[in-house]
Amino acid sequence: MSNINHDYIQDYLISLIPDNIDILKEMEIYAEENNVPIITKDVAELLKVLIKLKAPKTILEVGTAIGYSSILMAKYMENDYKILTVERNEGYIQIANDNIQKAGMNGKIQVILGDAEEILKDINESFDIIFVDAAKGQYMDFFKDTISKLKIGGLFVCDNVLFRGMVAEKSLVIRRKITIVKRLKKFLHYISNNEALQTSIIPIGDGVSISCKLKEVLFDE
Ligand code: SAH
Ligand code: MG
């Protein structure tokens, strides 16, 4: 129960998607057994479409976990791609690196250990897509730290933005999540009303936002 769609819609959408047979399948089983919050299959399909449309050479990801979404995105990119992905959990990083090696993607997907709030500022490359799938209370900070590194025409994509419906419906809000919900709502309002961005928020999975960067984003401070 995601509180985002009717269960029958979600189940139907997922039922349409063919099963993975490669390392991604193994990773899905591992994630399920170990409660690793990887992207849902409907979100994976959306990412594949965005990648085919955009043909990115470079992706920055915030929130690697065990490397599932990195490996999935890499599989759909052209040969000369590069993914930089940031993760603060050391245990996950080891597993992610093992998976990347198994997938034969060493050197193409680079995992950086550390808190994104510290790491992101020091990254100097530019990217075609930025995919944020980490602490939801920090999305605005991640945005501020990275948007200047996104090329014009690039996509800023965030997972879990509807947060089990909590951003849309007060009665669903869990007390200890109030601050995160408030911050997420502020972020969603911001990206939906910024003239430098073209944003769409899609209620699949736990909610995905897609913002196309139209021009450089200016901040008040
Ligand atoms: N994108 C992955 C799943 C990521 S789960 C996939 O779909 O396969 C979210 C991850 O973000 C967790 O592993 C968590 O440790 C990490 N994370 C959360 N906040 C972070 C931060 N501030 N800096 C770095 N990693 C963070
Ligand atoms: Mg997620």
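Residues numbered from 1 in each chain as written. Chains lettered and ligands numbered in written order. Predicted model: local features only at pLDDT ≥ 70, side-chain atom pairs only at ≥ 80, totals over all residues. Heavy atoms only, no water.

Chemist: Is there a simple way to explain the packing of aromatic side chains in this structure?
Modeler: Working definition: an aromatic ring pair is given by the centre-to-centre distance plus the angle between the planes. As enumerated under the stated definition, the model contains six aromatic pairs in all. Relative to Phe187, the ring of Tyr139 lies with its centre 5.9 Å away and its plane at 85°, an arrangement referred to as edge-to-face. Of this pair, Tyr139 sits in helix 7 (residues 139–146) while Phe187 sits in helix 8 (residues 178–192), and the two are 48 residues apart along the sequence. Taken as a pair, Tyr139 and Phe187 share a single burial class, namely buried. Where Phe143 meets Tyr190, the ring centres are 5.5 Å apart and the plane angle is 75°; that geometry is what we call edge-to-face. Pair noted here: Phe143 is in helix 7 and Tyr190 is in helix 8, with a separation of 47 residues, a long-range link. Owing to a relative accessible area of 0%, Phe143 belongs among the buried residues under this scheme. Take Tyr190: its relative accessible area is 21%, and that puts it in the partly exposed class. (Phe/Tyr/Trp six-rings, centres within 6.5 Å; stacked < 30°, edge-to-face > 60°. Helix = DSSP H or I, 4+ residues; strand = E, 2+ residues; numbered from the N terminus. Buried < 20%, exposed > 50% of the residue type's maximum accessible area, 1.4 Å probe, protein only.)

Chemist: Where do I start with the environment of Val181 in this structure?
Modeler: Position of Val181 relative to the elements: it lies in helix 8. The residues touching Val181, leaving out its near neighbours within four places in the chain, are Phe163, Met166, Val167 and Val173. (Contact = heavy atoms within 4.5 Å.)

Chemist: So what exactly am I meant to see when it comes to the sheet that holds strand 4 (residues 127–132) here?
Modeler: Pairing between the strands of a sheet is mediated by backbone hydrogen bonds and can be parallel or antiparallel. The seven strands are arranged 3-2-1-4-5-7-6 in an open sheet whose pairing can be described as mixed. Of all the strands in the sheet, just strand 3 (109–113) and strand 6 (197–202) have a single pairing partner and so form its edges. Strand-to-strand twist of the sheet, defined as the mean angle between neighbouring strand axes without regard to direction, takes the value 15°. Pairing analysis gives six bridges linking strand 6 to strand 7 (residues 208–213), with the strands arranged antiparallel. Bridge pairing links Ser200 to Ile210 in strand 7. (Pairing = 2+ DSSP bridges. Axes fitted to C-alpha atoms, helices over the stretch in contact; angles between N-to-C directions.)

Chemist: Honestly, the site of ligand 1 in this entry has me stumped. Any pointers?
Modeler: Taken together, 21 residues are adjacent to ligand 1, and Gly63, Ser69, Glu87, Ala116 and Asp133 come closest. Side-chain polar atom of Asp133 to a nitrogen atom of ligand 1: 2.8 Å apart, as the coordinates give it. Take Gln138: an N or O atom from its side chain is 3.1 Å from a nitrogen atom of ligand 1. Computed on the free molecule, ligand 1 has an accessible area of 580 Å², of which 93% lies beneath the protein chains in the complex. (Near = heavy atom within 4 Å. Polar contact = N/O pair within 3.5 Å; in protein donor to acceptor, adjacent residues only side chain to side chain. Areas by Shrake-Rupley, 256 points an atom, 1.4 Å probe, with all protein chains shown as cover.)

Chemist: What am I meant to see in the nonpolar core here?
Modeler: Generally speaking, soluble globular proteins have nonpolar side chains that are buried together. Among the nonpolar cores identified, the biggest contains 35 residues, and Ile39, Leu47, Ile71, Ile83, Ile109 and Val157 are the most heavily contacted of them. Sorting the residues of this core by element identifies helix 2 (23–33), helix 3 (41–54), helix 4 (68–75), helix 5 (90–102), strand 3, strand 4, strand 5 (150–159) and strand 7 as the ones contributing at least two each. With six residues, the single largest contributor to this core is helix 3. Among the nonpolar cores identified, the runner-up in size contains 33 residues, and Ala116, Leu120, Phe156 and Val181 belong to it. (Core = buried A, V, L, I, M, F, W, Y, C linked by side-chain atoms within 4.5 Å.)

Chemist: Can you walk me through a nonpolar patch on the surface in this structure?
Modeler: Nonpolar side chains collect at one region of the surface, where Tyr8, Ile9, Tyr12, Leu13 and Leu16 lie side by side and expose about 520 Å² of accessible area between them. Summarising the element assignment, Tyr12 is placed in helix 1 (residues 7–16). (Patch = residues over 30% accessible without salt bridge, like charges linked within 9 Å, V, L, I, M, F, W, Y side chains within 5 Å. Salt bridge = Lys/Arg side-chain N within 4 Å of Asp/Glu carboxyl O.)

Chemist: What should I look at first to understand helix 5 in this one?
Modeler: Within an α-helix, residues lying three or four positions from one another point in the same direction, as the helix has 3.6 residues per turn. With 13 residues, helix 5 should cover 18 Å at 1.5 Å per step; its first-to-last C-alpha distance of 19 Å lies within 8% of that length. Among the residues of helix 5, Ile93, Ala96, Asn99 and Ile100 are the ones counted as buried. In an axial view of helix 5, the angular spread of the buried residues amounts to 130°, which keeps them on one side of the axis. The exposed residues of helix 5 that point more than 90 degrees off its buried face are Glu90, Gln94, Gln101 and Lys102. Its buried side turned inward, helix 5 meets helix 2, helix 4, strand 2 (82–87) and strand 3. A distance of 2.9 Å separates the backbone nitrogen of Gly91 from a side-chain oxygen at the start of helix 5, and that oxygen is part of Asn89. Just downstream of helix 5, Gly104 is the residue with a positive phi angle, here 70°. (Expected span 1.5 Å × (residues − 1). Arc of directions from axis to C-beta.)

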